[in-house]
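Residues per chain are reported as follows:
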Amino acid sequence: MRIRDYPRPRGDTGIGFHWFPDLYHYDDSYLDTFLPLLKSMGASWLVILSHPQRSIPASFIRGLLEEDIEPVVQISTPYIAFLKQDELRELCERYASWGVHYVSPFKEPNLASRWPKWEEDLPERFMDLLIPCLETIYEVEGIIPLFPPLSPGGDFWDTVFLEACLDILNRQKKRPLYEKMAVAIENYAFNKPLTWGKGGKAQWLSAQPYQSLPGCEDQRGFYLFQWYDEIIRQKVGRSLPLLGTANGLVLGDRSSSDFPPIDEATHAQRSAQISQMMIQGELPNYFFNNAFWLLTAEDASPFAQGRWFRPDGEPMLKASVAALQEMAKESRRFRVDLPEKIRVLTDGEVEVMDLEEYLKGVLPREMGKNAPLEALKAQAVAARCYAANAVKYPRHREVGADICTTTHCQVWSPTHDERTNQAVEGTKGIVATYDDEIIGAFYFGHCDGRTRNSEDVWVGALPYCRSVPCICGYDFMYGHGVGMCQRGAMKMAEEGATYEEILCHYYPGIETLAQGSTYELPVVDLSPEIPHLELWEWPRPPEDNGLGIHLGLDFREGALAEELRRVKDLGLKWVLLVPGDEFQMERAIRLFWPQGIMPVVRPYALIDRSHDFVRDVKVMKGCGVPPYIQIYNEPSDDREWSNGRPDLPLFVSKWVNNALAVYDAGGYPGLQVLDVGLLREVIAETRRRGVMNLWGRAWFCPHNYGLNHPPTYPYDRINQEGIPVQNPEWEFVAPIEEVNRWREEGKNPGQTIHDDYNCILGFLAFAKVFEEELGFVPPMICGEGGWQYRSSQDRRYPVIGDYLHASYHQQMFAWFKTGRLSNGAPLPDYLFAVCPWILSGLDADAWYSKSMGTRERTIALVKGLLPFLRELPTPPDDPEPPPDPEDEEWTMTVRRELRAGLRGIAGNFPRAGIGLTITDPWGNSVVTTSGSKGEHGPGGFEVRVWANGLYTLNFLDQRFQVMVQGDFLFLTFTQISPETLPLARLASDWMKEGEGEALWKSLEGDERYEGLFLLDEKES
Ligand SMILES: [Zn+2]
Ligand SMILES: [Zn+2]
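Residues numbered from 1 in each chain as written. Chains lettered and ligands numbered in written order. Predicted model: local features only at pLDDT ≥ 70, side-chain atom pairs only at ≥ 80, totals over all residues. Heavy atoms only, no water.

Draft legend 1. Local environment of unusual backbone geometry. Along the chain, tryptophan 293 connects to leucine 294 via a cis peptide bond; the corresponding omega equals 20°. On the secondary structure map, leucine 294 appears in the loop between strand S8 (287-292) and helix H9 (318-326). Of note in this structure, glutamate 543 is not a glycine but carries a positive phi near 50°. Relative to the elements of secondary structure, glutamate 543 occurs in the loop between strand S18 (518-519) and strand S19 (548-550). According to the relative accessible area criterion, glutamate 543 is exposed, its value standing at 57%. In this model, arginine 790 sits at a positive phi of 75°, which is unusual for a non-glycine residue. Among the secondary structure elements, arginine 790 is positioned in the loop between strand S27 (784-786) and helix H24 (802-818). (Helix = DSSP H or I, 4+ residues; strand = E, 2+ residues; numbered from the N terminus. Buried < 20%, exposed > 50% of the residue type's maximum accessible area, 1.4 Å probe, protein only.)

What follows is the structure, encoded as structure tokens:
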């Protein structure tokens, strides 16, 4: 995971606090007291302690999340000891369902006081306890395990301890954990200046574990995060997020005798300064938050000395509270982390240089003073990026240098030139970035008309090192070909390109950023995916065509039989029914379901009355029908309430309760609302209550009434352009001239379904809400809708007469036959059925109406569509079962070849399609597949590597290692299976006289070996 993909709270300030230092203060009253105080000080993180088995109450977590405060849960145990993994998993799953993202097991393992017994091999013992926890937490979707915080310095020196622990993770092959892990940190500022430790170990070589030389800064200060980051980059290969769990200053702190103890004024001034540095982007992106120790504690607590408030909210550190409250607060900004100094290896000596001064010595040698100025500027930025990466990942670590002055790194000499200096100064502090990181800006002499993809030259595809065309004019390559072609850059500059255009051409996708410029990061939503039925797993009627109707309300036996005849005559496969009681329900189900028609049930239930939906589920299950149950209907309609007064909050709460009951009883709860805002409220309620899993088996019931709008509304030309009446013979509510005037005045150019969803495409607006809130759209069964006979709500459009009633319904039903909606979009798989209102009854809208006759034309057109089957989503093909590694044994033979200037690993497998991961000595991996390089055979592969060392190859649970020594390796992999093994023979010089010949004779007689062997004359 990239640093920017780790979750942060909305409006993140990077400011946080540590809650009470115990487990006993999670009553709502404390939240009521402290939430306003936290918000007033700009806090967006809160570190809270959790019992290993009992969770912090959901209401407490919810209260924080509702105020956009990110909880960091620290599991608290009296001593560091074994945690039961099933309990830990259960705890974390509960936290995940409430929206927590970060959980840390244990605290300060480098302190003797945290251990029942203090022993020598502490990191090993600790990692034995920690690794299972990290793995358990890692498995919980939505939760990121935190490597626990260490005490700065400590009984076992923290930096040494961290290094040792990461070494153990690497050694035990636990590197995959780094993919989703963060590290907790206690970078207390003590009573030292806030700059203490700045620059990290690279700047303070003489700082040694367990001692601090006079005048030499060590890691025990605010900038501890830089020291940890250096260690993490060295051991992990990249930065991991560092989350503050206890930070800031403690009143009266006198840890260092070189500085005065912390008084109230200093406490306030430095606390505000830390917060300002966070907000203004002066601290690196990987340092996520500063959690001030300690928000509050009881008077008798041993930690009362550090608290900002008493438990009743009265400030103890008045000046500090005021300083944070007065501070202007905005979302935290980020900026590029560009070093000021670089350690240069020149003539065997390490010289620390100012980065910009160093660059002035690079440009004359790397591009020359006569190049066009914009090309020189592009070169200056590229060289700056290269140097910044060298500081981050020192290229001469063994001698304590970042970079050398030869072609191995970047050529440098003390010679400066006015023009090249101008290029460096003109781009001072400007770097190119990709994904918030300074790019590895490779460059070379010239290309042959195209640059190269990085993975074609080295291991690893860099997204900004793509092959691009180049105008340098050469037809052969000088250099590696990855990144910027220097000759091409000069040519571009001559033709008028700016340095930014040059850089963006050779490094596609980059941004150029000045060191001082800051930017905001988007908020990442890392809610765990809701486990849900896939669309193909839901029950549907046999020979489904998606067509349905709302049944009439007469459930007497004779009437139902008549309805069934009509439904079958129309070729419909879905019916929505509203039985008055469970007997009516059962009667209808037993009639329709055996005929292959899916009954979707809305039990008649007023929202403010009680109704036993679970009983309905049981009846449906008893009839053997999938229990699609709609819970309540049109909650904003007064007719759905016994007292005639809609109470939407009551609806939301009753729907969630009943849906949960139906869900638990094994039914499919259905939701019906007419308003997208109300849909969001229902989803929010399930989120608040931690029951989002409900959506895994819930469906939505749109009522997509067309009013008197056409099936293409709101995308039709009348609405968009106001075109005049085309069919004057149709019936309008006013004379044509007036209708045309309304059309002109009422047109809505550019209107979309999300602006007006009062039409049959309206379900699309609800789908968008589901997509945003849940990440998927549940099945939709339109339980009412279509066009009501004689509708005339929108005076711009004709009245719905027989002709339009028929034509419009035919167009809606045709979605399922053609696979296209009226607006041309593909029919979404989640739209299971449309059941327009209503098949029969006294109602004027009824297709078989006792008052308005039968809609003969509509019935004829719908029947004209038949028969057809709708295309249903299918499950993805089952992947081939992986071969059982128990049955497999592989051998590898190695052939070495010297090729000028090329290192590589190539080879052949017995078959194509085997995934192969090659990992370099630093843990970087490239993935390839056998068969990708046909010239080495049907299972051939090839990757270029750029350094010598031990490479690890993994495939099919097999693991091999090869040493690259400046050569090109050909590997042949052979599978030894139980079938081929008995055929293996060994012929050797050590065989007894005559045995070799005998073996040869027997092999020669076997046609499988014919021509494969020659027997050498044995020298005597
Ligand atoms: Zn070098
Ligand atoms: Zn070129």
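Draft legend 2. Main features of the coordination of the zinc ion (ligand 1). Bound to the zinc ion (ligand 1) on the protein side are His396 (NE2), Cys404 (SG), His408 (ND1) and Cys409 (SG), at distances that span 1.9 to 2.3 Å. Taken together, the 4 donor atoms coordinating the zinc ion (ligand 1) span angles of 104 to 124° at the metal, a pattern that classifies the geometry as tetrahedral. (Donors = N, O, S within 2.8 Å, 3.2 Å for Na, K, Ca; no water. Tetrahedral: all angles 85-135°; square planar, octahedral: opposite > 155°, others 65-115°.)

Draft legend 3. Inspection of the coordination of the zinc ion (ligand 2) at higher detail. Coordination of the zinc ion (ligand 2) by the protein involves Cys447 (SG), Cys470 (SG), Cys472 (SG) and Cys485 (SG), with metal-donor separations of 2.2 to 2.3 Å. Coordination geometry of the zinc ion (ligand 2): the 4 donor atoms subtend angles of 104 to 123° at the metal centre, consistent with an arrangement described as tetrahedral.

Draft legend 4. Layout of the side chain of histidine 936. Its location among the elements puts histidine 936 in the loop between strand S35 (925-929) and strand S36 (940-945). Taking the relative accessible area as the measure of exposure, histidine 936 reaches 15% and is therefore buried. Once you skip the residues sitting within four places of it in the chain, histidine 936 turns out to touch Ala906, Gly907, Asn908, Phe941, Glu942 and Phe970. (Contact = heavy atoms within 4.5 Å.)

Draft legend 5. Structural view of the nonpolar core. Core analysis: the largest hydrophobic core is formed by 108 residues, its most contacted members being Phe17, Trp19, Ile48, Phe126, Phe147 and Phe222. Counting residues per element, this core draws most heavily on helix H4 (residues 122-139), which supplies 9 residues. Those residues in contact with phenylalanine 222, other than ones at most four positions away along the chain, are Asn187, Tyr188, Ala189, Leu194, Trp196, Ile274, Met277, Leu283, Phe287 and Asn290. If you look at the next biggest cluster of nonpolar residues, it comprises 104 residues, including Leu560, Leu570, Ala588 and Leu679. (Core = buried A, V, L, I, M, F, W, Y, C linked by side-chain atoms within 4.5 Å.)

The values reported here are purely geometric and, on their own, carry no functional implication.
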